[in-house]
Every structure is written in C-alpha cells, then in structure tokens.
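Chain by chain, the residues:
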Amino acid sequence: MLDESLLDTPDALAGADRFGLLRGVAESGARVRTAARSAAESGIPELTPDGRPRAVLVAGPGPAAAGVADLLRALGGGNCPVTLIQPTGVAPLPGALRWALPGWAGPLDLLLLPGPDAADPGLAELVEQASRRGCAVVAVTPAGGPLADAVTQARGLAIPLATTPYDAEFDVEGAPPAAPGTLWSVLIPLLSLADRIGLLSAPPEALGKLADRLDQLAERCGPAIPTYTNPGKTLAADLADALPLIWTEGTIAGAVGRHFATELAGLAGRPALAAELPEALATHRTLLAGALAAGADPDDFFRDRVEQPAAMHARVVLLREGEPGALSATRAAQALAEERDTAVSELEADTGSDLEKAAELLAIVDFAAVYLALAGTE
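Everything in this summary refers to the structure shown in the same document. The model shown is predicted, which means the values in this text are computed figures rather than measured ones. Residue numbers run consecutively from 1 along every chain, following the written order of its sequence. pLDDT decides what is reported in this predicted model: residues at 70 or higher carry local features, side-chain atom pairs at 80 or more are listed and counted, and totals for whole chains, interfaces and linings draw on all residues regardless. Computation of side-chain values covers all heavy atoms of the structure but excludes hydrogens and water.

What to know about the overall build of the chain
- Every helix listed is a DSSP run of H or I at least four residues long, and every strand listed is a run of E at least two residues long, numbered separately from the N terminus. Along the backbone of the chain there are 14 helices and eleven strands.
- Taking 2.2 N^0.38 as the reference for a compact globule, 378 residues should give roughly 21 Å; the C-alpha atoms of the chain span a radius of gyration of 21 Å, in line with that estimate.
- Counting only C-alpha atoms, the chain reaches 70 × 45 × 45 Å along its principal axes.
- For every residue, the accessible area (1.4 Å probe, protein chains only) is compared with the maximum for its type, and the residue is labelled buried under 20%, exposed over 50%, or partly exposed between those bounds. Classification of the 378 residues of the chain by burial places 52% in the buried group. Our radius of gyration looks at C-alpha atoms and nothing else; its globule reference is 2.2 Å times the residue count to the power 0.38.

Put into structure tokens, the structure is as follows:
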C-alpha cells in the first residue's frame, strides 16, 4: 500500500528517508558536473585514438554496469556493438563474482569497467585477462583502490569515481543495493570517452546541458512540489497497488524502462515487467486478460476496505522519447489498454538532444521509484 498523504508532506518524507534517497536523485546534476571534471582531469580530452574499437565490452557488479551498457548501446545508435559481460558466482558479493571475456575478444576491443566497488578481486582478474588478450581497458572506480591499481598496471585508464558525502549512508546493513545517482557517476566519464573515440556525441557543452536539465527536473520533482504538478509523485501515486507493465518505444526509452524496473525492485521492493513495443502487445496481452486485469475481481466492490488490501492490477507505463510517428505502436498500445480496461501512465521526452531526453526520462522514473520506496507501507 502507498501512503499518498505522505507524498505531499515534505517533513514526513524527510523523516522516512533514512538513506538519503531523495538527496541522491536530486544531486544527479551535480554528479554529472563532478564526473565530467574527473574525466577531464584524467586526460580523456588529450587521448588520440586510432579509431573506433571493434566492440565495447562492459563489466561490473550491481545494476550500474547493465545501465551503462544499455545507455551506451542506445545513445551510440549502432555505431559499435556494446556487450554486457554477465558475472557468475555463488553470491552477488565482492570476491564471489567472476567475469570472463568472450572468446573473440582481443586487441581491437575496448573493456569498460564501471566499478563502484574498488576492491572486487573478480574485476582485477578480468583486467589481467584483458591485458593478456591485448584489450584496451578503462575503469571508473574509487581512486587508490585495488581495481584502479590493476588497471594502471595493465596500462589502462583509471578514472576516479565521483562521489558525494551521502554515498556512505549506503554502505550499511539494510541499505538498497545502489544509491540513486550512481549511474551518472559511472556513465558520464564513459560518455566522454565514447565521444572522444567517435562512438557517440557527448562533448563538454552537451554534458553541461545534461546537468542543467537534471537540475531543472530536480526542481520539478522535488518533495516540496505537490503531487498534481510533480511528474515523479504523480507516477508513484499511479503505481500504488499496481503491477507496472513498462512499455517502451525507442532505444533510449527501452534502456530507461529496464532501468526503471530495476529501480522499482531495488529501491521500492516492487515487481515490474519491461518490454519494448510492438512486441509488448503480444507478450503482455495475456496479463491484461488474466487475474491481474483491472476487472478480474468482480467481488472487489464488496471488499472490506479496512481489513482487506486491494488486489494488485496491471497498469501500463508507456515511455517514449518522441512524438508517435506513422509507424509508432503507441496507438495500438493505448487501444489494447482501453479494450482491457487497463489504466495507462505516459511519459514522453520530445525536446533536446538524445542525452537530454534520456536524462528527463531517467530523472522522473528515479524520483517515482524513490517516492514509492518512502511512501510504501506494510
């Protein structure tokens, strides 16, 4: 259940925010600026690459690595294949995870390590593999840690991870798996690198506009802004007691949708399913006709509102990075939802660069996940 009254009570939100979640997502713009400075000071603008790599490999613990791979793939527009190396191990703990390069990896390829955990020996072993194969290696990791040392010894580039004081609040028992904003800390230096080697366009002025856009969104979605004019709170309220079916159109929106599903699980403890249009209309069609459909419980009218919790029903969250075109599946999605009496929440970012569109969608869904985490009750 969601305590919707808490959403419009800033003091209550602050009291419920034990881990500084709101501060973390609100500081995304500042993180972008700090990470961009770190990238510049690490020498990325002075690099003289011979050309694009054959392929980009991404590896790291936690959701940040998957988010980086997804966004680099989306923003790169197919200029270079981007592959996420999935870890193996008995538990998602430092020392228990191992990564292995694919058999084809070699001197023409680039390995990126978004490694917020500086001491994971599995990543250090991966760096040794890459060095033996001749792969170029770049890591974003805390300065002076074992991973940074391993990358330096392999003649790679170690970029210091941009952090904020509140990050320490997540290094305690019971904290969520990743601090909001961590994605920007590891992504921005890698975007600067990708710009330098010609994979995508992310010059310093574009990163400055990205930071400004995130600051503006933090103002629009902040705890003092009431729900009816706050897109983050509105989306959180929409998803109270709902199973989000996150339908996306466009590669950037697809990356954001998968990130949102991860954030809902990791921060708010909420299940969600993400799928891309038009395939989502087939893969999720049965969900809108089964037990999760809006009209699936004819006895719900007679439910005791005090003693019996509401049944969970599906709700479509439609994410787009632009206005629907002639080949858009948006209208078919809206028609299917209406046919199955399913509510729809829509988010569209149709102005600015691809980076700014990604920032707008990411900021709103991150705020929504945080508000769901803070206002959720047993």
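Considering the packing of helix α4 (residues 28–41) against helix α9 (residues 204–220)
- Inter-axis angles, ranging from 0 to 180 degrees, are taken between N-to-C directions of lines fitted to C-alpha atoms, where helices are fitted over the stretch in contact. Between α4 and α9, the shortest axis-to-axis distance is 7 Å and the interhelical angle comes to 160°. Between α4 and α9, the crossing angle belongs to the class labelled roughly antiparallel. Judged by the sense of rotation from one axis to the other, the crossing of α4 with α9 is left-handed. When α4 is examined against α9, the residues S28, G29, A30, V32, R33 and A36 are found in contact with a partner set consisting of L207, L210, A211, D212, L214 and D215.
- Partitioning the contact of α4 with α9 into residue classes produces seven nonpolar, two polar and three charged. Angle categories: roughly parallel below 35 degrees, roughly antiparallel above 145, roughly perpendicular from 65 to 115, and oblique for all the rest. The hand of a helix crossing depends on one turn: near helix anticlockwise from the far one by less than a right angle means left-handed, and clockwise means right-handed. Any pair of residues with heavy atoms lying within 4.5 Å of one another is described as a contacting pair. Each residue receives one of three labels: charged for Asp, Glu, Lys and Arg, nonpolar for Ala, Val, Leu, Ile, Met, Phe, Trp, Tyr, Cys and Pro, and polar for the others, Gly being one of them.

Some remarks on the sheet that holds strand β9 (residues 273–276)
- The pairing criterion is simple: DSSP has to find at least two bridges between the two strands. With parallel pairing, four strands are arranged side by side in an open sheet as β9-β8-β10-β11. Two strands lie at the open edges of the sheet, namely β9 and β11 (344–348), each paired on one side alone. Neighbour to neighbour, the strand axes of the sheet diverge by 20° on average, direction disregarded.
- Contacts from helix α10 (residues 231–238) reach β8 (242–249), β10 (313–320) and β11, with the element oriented near 155° to β11.

A look at the packing of aromatic side chains
- Stacked, tilted and edge-to-face pairs are distinguished by plane angle, under 30 degrees for stacked and over 60 for edge-to-face with tilted covering the rest, among Phe, Tyr and Trp rings (Trp via its six-membered ring) whose centres lie within 6.5 Å. Scanning all chains against the criterion turns up one aromatic pair.
- Both rings, one in F367 and one in Y371, keep their centres 6.1 Å apart while their planes meet at 25°; by these two values the pair is stacked. Of this pair, F367 and Y371 both sit in helix α14 (residues 354–375), four residues apart, which is roughly one turn of the helix.
- A relative accessible area of 0% places Y371 in the buried class.

Topic: the pairing of strand β7 (residues 157–160)
- Where burial is concerned, the two faces of β7 differ: the one with L157 and I159 is buried and the one with A158 and P160 is not.
- Two strands pair when backbone bridges link them, and strand β6 (residues 136–141) and β7 are joined in this way by four bridges, in the parallel orientation. Across the sheet, the residue bridging to A139 is A158, located in β7.
- The definition of a right-handed crossover adopted here requires that, viewed with the strands pointing away, the path from the first strand over the helix to the second runs clockwise. Viewed along the sheet, the connection from β6 through helix α7 (residues 146–153) into β7 turns out right-handed.

Some points on the side chain of D120
- Mapped onto the secondary structure, D120 falls in the loop between β5 (110–114) and α6 (121–133).
- The charge count includes Lys and Arg as positive and Asp and Glu as negative, but it does not include His or the ends of the chains. Salt bridge criterion: a side-chain nitrogen from Lys or Arg within 4 Å of a carboxyl oxygen from Asp or Glu. For the buried D120, no salt bridge exists, and the shortest N-O distance to an oppositely charged side chain is 5.2 Å, to R98.
- Look past the residues within four positions of D120 in its chain and what remains in contact with it is P94, G95, L97 and W99.

Here we look at the pairing of β5
- β5 sits mainly inside the fold: five of its five residues count as buried.
- Side chains L110, L112 and P114 of β5 all project onto a buried face; the interleaved residues L111 and L113 project onto the opposite face, where all are buried too.
- In this sheet, β5 lies alongside strand β1 (residues 56–58) in parallel orientation, the contact comprising three bridges. Bridge assignment links V58 to a residue of β5, and that residue is L112.
- As paired elements, β5 and β6 share five bridges and run parallel to each other. Each residue of the ladder has a partner; that of L110, found in β6, is A136.

A short note on the side chain of S328
- If you trace the backbone, S328 turns up in the loop between β10 and α13 (330–339).
- You can call S328 buried: its relative accessible area is 17%.
- One polar contact links S328 to E249, side chain to side chain, over a distance of 2.6 Å.
- Nitrogen and oxygen atoms within 3.5 Å of one another constitute a polar contact, given that in protein one can donate a hydrogen and the other can accept it, and given that sequence-neighbouring residues count only through two side-chain atoms. A distance of 3.0 Å separates the side chain of S328 from the side chain of T330, its partner in a polar contact.

Observations regarding the nonpolar core
- If you look at the biggest cluster of nonpolar residues, it comprises 88 residues, and the most contacted ones within it are L72, L112, W184, L191, L210 and F260.
- For this core, the element with the most residues is α14, which contributes 16 residues.
- Domain segmentation is taken from an automatic or database assignment of domains. There are two domains that each give this core at least three residues, and those are domain 1 (4–13 + 226–375) and domain 2 (28–214). Here, nonpolar core means buried Ala, Val, Leu, Ile, Met, Phe, Trp, Tyr and Cys residues that are tied together by side-chain atoms lying within 4.5 Å of each other.

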